[in-house]
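Geometric and topological summary
For reference, the chains in residue letters:
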Protein chains: 2
Amino acid sequence: MDANDALKLESQFCFAVYSAAHAVMRAYRPLLEALGLTYPQYLVMLVLWEADGQTVGGIAERLMLESSTLTPLLKRLEAMGFAERRRNPENERQLIVSLTAAGWALQEKAMAIPPGILACSGRTAPELTNLREALVEVRDSFAAARAESRRIGEVGEG
Amino acid sequence: MDANDALKLESQFCFAVYSAAHAVMRAYRPLLEALGLTYPQYLVMLVLWEADGQTVGGIAERLMLESSTLTPLLKRLEAMGFAERRRNPENERQLIVSLTAAGWALQEKAMAIPPGILACSGRTAPELTNLREALVEVRDSFAAARAESRRIGEVGEG
DNA sequence: CGATAATATATCGTGTGCGATTTAATATGT
DNA sequence: ACATATTAAATCGCACACGATATATTATCG
């Protein structure tokens, strides 16, 4: 990579990730319309279908999102009747998010989504698996670099 | 991939892309603070540094974004003094976006960003190039599938 | 030439996302 | 026990991001 080309859009790994994320979310939109969910809402449902009754912090860690993102999103899921939010009696700081019957019923419909997405990708499942594993490694490097720089105190409250 | 596992978060390619995009943007934030730009604003600057004086539509196509996203963003770049917006005299429907002297001056500072990002990635440049190329191919498959389904008229104004 | 279609951008409403801060509850240290 | 620190969510302000629609301009067709 020539230093002169480093600022070229097409040479940038990060733009590839950024634009791929948008392309993927646009592919989900028509499929998720049948469930009445947005993509981030669908991700929360995936997390809850795997393990119901998690705290906001647990969901946030799993999805790598902040409470400031999840709080309004979870309120919408509750308003739609797919989830319930109640304080943990053991620890009143925590909020336990649980699926309703309607939330569980949605899982059936969601079964149709992964095959639809696979079709849009134009790739085989093993190809996507390989790419996913490589991507997760780089993602975790970025996350670790950020955590380290925050630990050192380059940013933050000090 | 077992059908039972298709709805598992960790098995999903799309969540890897989604979460990687967030991790990447979080890595840019401290670096871009020195320039006073957000990541999407930085992308627009990259496009204009490569070719100044593009239309909104041209920038949108390059970044795969909608005019409804770019219009307010470009107004902010103009308000910050990095870009100018003027109608094309040849075609008054079009808006030409041009860099100011301050916008060009920013390119110098931006030179420090790609090396900083490379360091956060924990990968070599060739490794990122390989991953980028694979990712762009999948992204374009998703985009093509969407364009095709819209052409057929599965969605849209019909 | 004039009605109609197509094009380019802007506007509006909704839903993420995040950093910074606030509020409330629990843990810790003396 | 009680002041202090830590933790967990929520709130606030700002900036994307998109679909749907509106507006203005240009192109097209009869």
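In short, a report on the structure. These numbers were taken from a predicted model, which means no experiment stands behind them.

A word on the packing of helix α2 (residues 39–50) of chain B against helix α3 (residues 56–63) of chain B. All names here are of chain B. Packing of α2 against α3 brings their axes to within 10 Å, and their N-to-C directions diverge by 115°. By the angle class used here, α2 and α3 are roughly perpendicular. Considering the relative orientation of α2 and α3, their crossing is right-handed. For the pair α2 and α3, the contacting residues are Leu43, Val44, Val47, Leu48 and Glu50 in the first and Ile59, Arg62 and Leu63 in the second. When the residues that make up the contact of α2 with α3 are grouped by side-chain class, the tally is six nonpolar, no polar and two charged.

With that settled, consider the interface of chain B and chain A. Counting residues at the interface gives 58 residues for chain B and 58 residues for chain A. When the buried surface of chain B facing chain A is broken down by residue, B:Leu7, B:Tyr18 and B:Phe142 rank first, second and third, together holding 13% of it. Joining chain B to chain A, the criterion identifies four salt bridges. Of the charged contacts in the structure, one is a salt bridge between B:Glu137 and A:Arg123, with a shortest N-O distance of 3.1 Å. At the boundary of chain B with chain A, the tally comes to 20 residue pairs in polar contact (both at pLDDT 80 or more). Where the side of chain B that touches chain A is concerned, the elements lending two or more residues are α1 (13–33), α2, α3, α5 (101–110), α6 (113–121) and α7 (125–152) of chain B. The element best represented in the side of chain B that touches chain A is α1(B), accounting for 16 residues. Its residues placed into classes, the side of chain B that touches chain A shows 40 nonpolar, eight polar and ten charged.

This part is about the sheet that holds strand β1 (residues 54–55) of chain A. Strand pairing in a sheet is mediated by backbone hydrogen bonds. Such pairs are either parallel or antiparallel. All names here are of chain A. Strand order across the open sheet formed by three strands is β1-β3-β2, with antiparallel pairing between neighbours. Edge strands, defined here as strands with exactly one partner in the open sheet, are β1 and β2 (83–88). Two elements, β2 and strand β3 (residues 91–99), share six bridges in a ladder whose sense is antiparallel. Each bridged residue has a counterpart across the sheet, and for alanine 83 the counterpart in β3 is leucine 99.

Counting residues in hydrophobic clusters, the biggest one holds 99 residues, and the most contacted among them are A:Tyr42 and B:Tyr42. When residues are assigned to domains, this core turns out to be shared by domain 1 (38–111) and domain 2 (112–151) of chain B, each giving three or more. When sequence neighbours within four positions are dropped, the list of residues in contact with B:Tyr42 reads A:Leu7, A:Gln12, B:Tyr28, B:Leu32, B:Leu37, B:Trp49, B:Ala110, B:Ile113 and B:Pro114.

On inspection of all chains with the given rule, the structure shows twelve salt bridges over all chains. For A:Arg85, the salt bridge identified is with A:Glu78, shortest N-O distance 3.2 Å. Overall, the relative accessible area of 30% leaves A:Glu78 in the partly exposed class. Where salt bridges share partners, they join A:Glu10, B:Glu50 and B:Arg62 into one cluster.

To continue, consider the relation of the copies chain B and chain A. Relative to chain A, chain B is turned by 180° and slid 0.0 Å along the rotation axis, the superposed coordinates differing by an RMSD of 0.0 Å. Viewed as a symmetry operation, the transformation between the two copies matches a two-fold axis. Both copies share a contact surface, since 98% of the interface residues of chain B are interface residues in chain A too.

This part covers the environment of A:Phe15. For A:Phe15, the location among the structural elements is in helix α1 (residues 13–33). Residues A:Phe15 and A:Ala119 lie 104 residues apart in sequence; the distance between their C-alpha atoms is 24 Å. Setting aside residues no more than four positions away along its own chain, A:Phe15 makes contact with A:Leu9, B:Tyr39, B:Leu43, B:Arg62, B:Leu63 and B:Arg139.

Calculation rules
- Residues numbered from 1 in each chain as written.
- Chains lettered and ligands numbered in written order.
- Predicted model: local features only at pLDDT ≥ 70, side-chain atom pairs only at ≥ 80, totals over all residues.
- Heavy atoms only, no water.
- Axes fitted to C-alpha atoms, helices over the stretch in contact; angles between N-to-C directions.
- Helix = DSSP H or I, 4+ residues; strand = E, 2+ residues; numbered from the N terminus.
- Parallel < 35°, antiparallel > 145°, perpendicular 65-115°, else oblique.
- Left-handed = near helix turned anticlockwise from the far one by under 90°.
- Contact = heavy atoms within 4.5 Å.
- Nonpolar A, V, L, I, M, F, W, Y, C, P; charged D, E, K, R; others polar.
- Buried area = accessible area lost by both parts, 1.4 Å probe.
- Salt bridge = Lys/Arg side-chain N within 4 Å of Asp/Glu carboxyl O.
- Polar contact = N/O pair within 3.5 Å; in protein donor to acceptor, adjacent residues only side chain to side chain.
- Pairing = 2+ DSSP bridges.
- Core = buried A, V, L, I, M, F, W, Y, C linked by side-chain atoms within 4.5 Å.
- Buried < 20%, exposed > 50% of the residue type's maximum accessible area, 1.4 Å probe, protein only.
- Domains from an automatic or database assignment.
- Least-squares fit on C-alpha atoms with pLDDT ≥ 70 in both.

Remember, this is a structural readout, not a statement about activity or role.
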